[in-house]
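Secondary and tertiary structure notes
Here's the letter readout for the chains.
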Amino acid sequence: MRRASIWIFLACLCIPSFALYRGEIYSEDLRIQPLRDGRVSTTFSFITVLEGAVPRNPKALGQLDESQHYALFPLTLGQILREYAITELHLTLNAGKWNYDNWGHPHEAGVGTGAELWAWMGASEVTTVDERWSGLRNALSGLFCASLGSLDSRRTLSPTVAFPLSGSTPTFAPHELRHASLPSESVCTENLTPFLKLLPCKSHAGLAALLNPQKVFDADWHGMGIHVTWKEDTGVELKLTLQAVFNPVRTSAGKRRDWNLQSLFDRSIERSCPVASSSSVTVILPEEKGYQITPENPAHINGLVIYDLSSSSNFTIPSNIAMYWPSEHSFQYPLPPLTPVTPLSVKRTIHGTTQTRGVLSISVTNNSPQEISAGYLEMMPALLTLWMHTLKVEINSQIRSDLLSGLKYHPPSPQSNDRLSPSMLQAVLTIPPKTTLKLSMEVNKAFLKYTEHPPDAMRGWDLPGAVFFPLPQSSHDTSSSYDWERIYTPTLLVDLPTPDFSMPYNVIILSCTLMTLIFGSIFNLLTRKWVVVEIQE
Amino acid sequence: MRFQRLPQACLLLLTCFMAWAVGSSDSTASTGERAADFFGRHDSGSGHTNNWAVLVCASRYWFNYRHMANALGMYRTVKRLGIPDSNIILMLADDVACNARNKFAGSVYAEAGRHLDLYGENIEVDYRGYEVTVENFIRLLTGRVDPSMPRSKRLLTDDRSNIFVYMTGHGGNEFLKFQDQEEISAFDIADAFEQMWQKKRYNEILFMIDTCQANTMYSQSYSPNILATGSSQIDENSYSYENDNDIGVSVIDSYTHYVLKFMEGINKTSQTSMQDLFDSYDPVKIYSHPGIRSDLFRRPLDKTLITDFFGGVAQAEVFPLQDIVGSSNHHDNGPSAPTTRKPDTPSVPVVLSTTVISLPRLTGETHDWDNWWKEVRKWTSIFVVGCLVSWISFVR
């Protein structure tokens, strides 16, 4: 009897802590894919789901918010989401150019170079969307040690077609999108440190233990992403992703493409994260044969090998997953011409020899045997002025204006703070099978004020990449049009007219000297009294 | 059978313990002192309760690798000596760790052998790249920032904060260049410090600067409690210490190298004084004449610990009641002190003034009543525990 009462007492003590854990699911996954150019693509995704949670209604922003008790969900991020009533948030910080032709589509679509932030927020009378957008930027810049605070009205747009809500649409308020990108932002350890602190096991256990900054930032391409979405049937989902494309051929001694977890990350998974409901490593097997993978796993499903690392499975930890090509002495790069892996390949350049005008040209190649319709989005800071009347669409030097439709252009508009918003160009391109479409337009380069130049003005200005996106499914369209995701072109570097920064000083010094000389002599002439001094002897 | 007498023994022990506790509680007069002795500061009279560090690398570009390494070396030192990341504002004007020219991605080294990675795996750079400007630096010091500025980018100091300000970059006579674009002058820094003093944003400042003609940078300061030191005197350059052949550029400046070398021997409980650090300066090794300015500083340098600026304070502060009643400014160390604030500006923190308001309730007759109530509670709890023990023994 007494025993029972003690147990009941203990149970009562434990109830609040169990209540906290109810409805939070954490799972982690690592996808490894050997690529045809000898590189290895790795994608970590850490997903925390707050079951049944609903984004904050922006109309209730003036009132006291419900208390936030999270067991697995990061409180620092949760506070920001509640404070600014964010329904959906996507932040990516990437370095390098994603090579679509050789690497295919990434597992996470957001691979634009630099920082990209976009958020969907409900409109309300309490605070405007723009005020909350500014607060969100600053809060995230503090959280992730990135210069996101500079994503101001000079870089903010609302391209709703290319960046739709990926979750459900809440009914409580009409939603608005804010999107901004900063192509010159660098990514380094100070961004990874706060990223790891958002994980329930930090970097102590589970897959995150592999994330060694010295190796990740040495990769040919690396990037991290924070994605918060809301789905009506599950709740708020936080997905933290980290992608890196390693080059074992470069880093290994014998120019071989063999890889294992130890050689890629210089770390191993010592123990699994105890709060993870699932933890797995998935290896996507290459199409050609000749490889071997250890440890042997009988579970080959559709060219995938899945290793379950969660504590419930009988997988022995620590373990090393390795893939090697025993018959290959050193890796031979596949000979060109290579057919691109993705159906669309895009090249974007800016030509012109002068510092005042140039030509922006884009060539889009359809590698598939079907016709592809793609949305084309250009978000151009006011550094460049696009001239719409010079827009040309060509195939084999023949003008084909019929392939361009749905053209929308918003010229740069002056903002309240005397700055120009970016211009937005959106169009639909129809690319016939196995052809290359060329699109070009003339641009004018801005003449900036002396004080608007960055410290390294001679380096040039980074322009964000263009975005190609699949169009929303219409009723009569082919089914194949939606099997790809957004494509980002590499960023461009544009050379604007740069002043000689020492010139103002020269001018000031010269004019001051002249002034003193002229003024001084005239003053002297006017005020000096000319007298004859007689020297007494 | 053997344990049948155990409850009784327990009861006896408990009674003995209670008797001892009652007896010892009579000496309440000394508890306050003992608590103050246990929790209080054992420093050299600095009077600070928190430590902050502002570390600025003002130069951009890869060839200024050594300036980044200077600032990061200081970052590692203050972090090792106990200042948390939340109290360190690190400003790096360029990203050398993940620079395409850096062969060792994600690492910054400050010595030719590349033994110690200064970037590490846990680093928070608060201002980086284009954000490192003169405006942002002065806004940070004086606290004039946008309301939406995150906490990690603010200097949340008070009049009990000791601040270590370290700056490095390219400079000249009374100026330091930021990103090769703009300059901060010695007058700007002096005025910013004065504004901080008037806003009660610091208790003491250690200003350290490593640049050419560095000693001119603190020549204009006029606010109290500033201890300043620089790497080289007027018309004198500061030189780099050594190159690393794999990195390809100089990795650290000479002055900072010797300061960091001295700091290697310091730990959190070290009693080494600032005078010892200044005595370790060797102009022959440093290739320049480091300067010290202590005329604004009120404490003797040999009584000023290194850890007063480089270490984090971990002690709590115990205020005896009578001190609060007769509260006065903690800066009032007698009329002779040149740093004394005006007496009509009490600097007692807000928390303390609430205690002052609640004081009358504790004094007078209510004091006796409180003591009586304490006794009642004590004996009731003893009675309840005794009942429980006896109940358990009877049930057995």
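Given the structure is predicted, the values throughout are model-derived calculations rather than measurements. (Residues numbered from 1 in each chain as written. Chains lettered and ligands numbered in written order. Predicted model: local features only at pLDDT ≥ 70, side-chain atom pairs only at ≥ 80, totals over all residues. Heavy atoms only, no water.)

**Examining the confidence of the model for chain A**
Residues and elements named next belong to chain A.
- On average, residues of chain A carry a pLDDT of 88, and 92% of them reach 70 or more.
- Every residue in residues 9-21 scores below 50 in pLDDT, and together they form three contacts with partners more than four places removed in sequence or on other chains.
- Here residues 475-481 is modelled with pLDDT under 50, and outside its nearest four sequence neighbours on either side it reaches five contacts, counting other chains as well. (pLDDT = per-residue confidence, 0-100. Contact = heavy atoms within 4.5 Å.)

**Let's talk about the state of the cysteines**
- Following the criterion strictly, the structure yields two disulfides over all chains and no others.
- A disulfide bridge connects Cys188(A) with Cys98(B), and the sulfur atoms are separated by 2.1 Å. What sets the handedness of the Cys188(A) and Cys98(B) disulfide is the S-S torsion sign, and at about 80 degrees it is right-handed. Of the two residues, Cys188(A) is situated in the loop between strand S6 (175-182) and helix H5 (189-197) and Cys98(B) in the loop between strand S2 (88-92) and strand S3 (127-128); the pairing between them involves two chains.
- Cys188(A) gets classed as buried once you look at its relative accessible area, which sits at 0%.
- Each disulfide pairs two cysteine sulfurs, and for Cys201(A) the partner residue is Cys273(A), the sulfurs being separated by 1.8 Å. Across the disulfide from Cys201(A) to Cys273(A), rotation about the S-S bond amounts to roughly 70 degrees, and the bridge is consequently right-handed. Highlighted residues: Cys201(A) in the loop between H5 and helix H6 (213-216) and Cys273(A) in the loop between helix H8 (261-265) and strand S10 (276-284), separated in sequence by 72 residues.
- Taking the relative accessible area as the measure of exposure, Cys201(A) reaches 11% and is therefore buried. (Disulfide = S-S within 2.5 Å. Helix = DSSP H or I, 4+ residues; strand = E, 2+ residues; numbered from the N terminus. Buried < 20%, exposed > 50% of the residue type's maximum accessible area, 1.4 Å probe, protein only.)

**Points about the packing of aromatic side chains**
- In total, this model carries 23 aromatic pairs over all chains according to the counting rule given.
- Aromatic pair Phe193(B) and Phe207(B): ring centres 5.6 Å apart, planes at 80 degrees, arrangement edge-to-face. In this pair, Phe193(B) sits in helix H5 (residues 186-198) while Phe207(B) sits in strand S8 (residues 204-210), placing the two residues 14 residues apart along the sequence. For the pair Phe193(B) and Phe207(B), a shared accessibility class is recorded, and that class is buried.
- Among the aromatic residues, those joined into a ring-pair cluster are Phe44(A), Phe46(A), Phe246(A) and Phe265(A).
- Residue placement shows Arg257(A) over the ring face of Trp325(A); its charged tip is 4.3 Å from the ring centre. (Phe/Tyr/Trp six-rings, centres within 6.5 Å; stacked < 30°, edge-to-face > 60°. Lys NZ or Arg CZ within 6 Å of the ring centre and 35° of its normal.)

**A few points about the environment of Pro74(A)**
- You can see Pro74(A) is positioned in the loop between strand S2 (40-51) and helix H2 (75-83).
- Discounting chain neighbours no more than four positions away, the residues touching Pro74(A) are Leu198(A) and Leu238(A).

**What to know about the sheet that holds strand S5 (residues 171-172) of chain B**
Residue and element names in this part refer to chain B.
- Taken in spatial order, the three strands make up an open sheet running S5-S6-S7, and their pairing is antiparallel. Two strands bound the open sheet, and with one partner strand each, they are S5 and strand S7 (182-185).
- Summarising the sheet, S5 and strand S6 (residues 175-178) pair through two bridges and their orientation is antiparallel. Paired with Gly172 across the bridge in S6 is Phe175. (Pairing = 2+ DSSP bridges.)

**Quick word on the interface of chain B and chain A**
- On the side of chain A, 29 residues touch chain B, which itself brings 27 residues to the contact.
- Between chain B and chain A, a total of about 2,300 Å² is buried, with carbon and sulfur atoms accounting for 45% of that surface.
- When the buried surface of chain B facing chain A is broken down by residue, Glu121(B), Arg128(B) and Tyr130(B) rank first, second and third, together holding 28% of it.
- Inspection of the chain B/chain A interface yields five salt bridges.
- Across the salt bridge formed by Arg128(B) and Glu185(A), the nearest N and O atoms sit 2.6 Å from each other.
- Put simply, chain B and chain A have 18 residue pairs in polar contact (both at pLDDT 80 or more) between them.
- For the side of chain B that touches chain A, the class distribution of residues is 10 nonpolar, eight polar and nine charged. (Buried area = accessible area lost by both parts, 1.4 Å probe. Salt bridge = Lys/Arg side-chain N within 4 Å of Asp/Glu carboxyl O. Polar contact = N/O pair within 3.5 Å; in protein donor to acceptor, adjacent residues only side chain to side chain. Nonpolar A, V, L, I, M, F, W, Y, C, P; charged D, E, K, R; others polar.)

**Details of the pairing of strand S13 (residues 304-308) of chain A**
Residues and elements named next belong to chain A.
- Residues of S13 alternate between two faces, with Val305 and Tyr307 buried on one and Leu304, Ile306 and Asp308 left unburied on the opposite face.
- Sheet topology note: the strand S12 (residues 300-301)/S13 ladder contains two bridges and is antiparallel. Looking across to S13, one finds that Ile301 is bridged to Leu304.
- Between S12 and S13, which pair antiparallel one after the other, the connecting turn spans two residues, and Asn302 there sits at a positive phi close to 50 degrees.

**Details of the pattern of salt bridges**
All names here are of chain A.
- The tally for this structure, following the rule as stated, stands at 38 salt bridges over all chains.
- Arg250 is the partner of Asp220 in a salt bridge, and the nearest nitrogen-oxygen pair spans 2.9 Å. You can see Asp220 sitting in the loop between H6 and strand S7 (221-231) and its partner Arg250 sitting in helix H7 (residues 248-251), a full 30 residues away along the chain.
- One continuous salt-bridge network, built from bridges that share partners, spans Asp37, Arg39, Asp218, Asp220 and Arg250.

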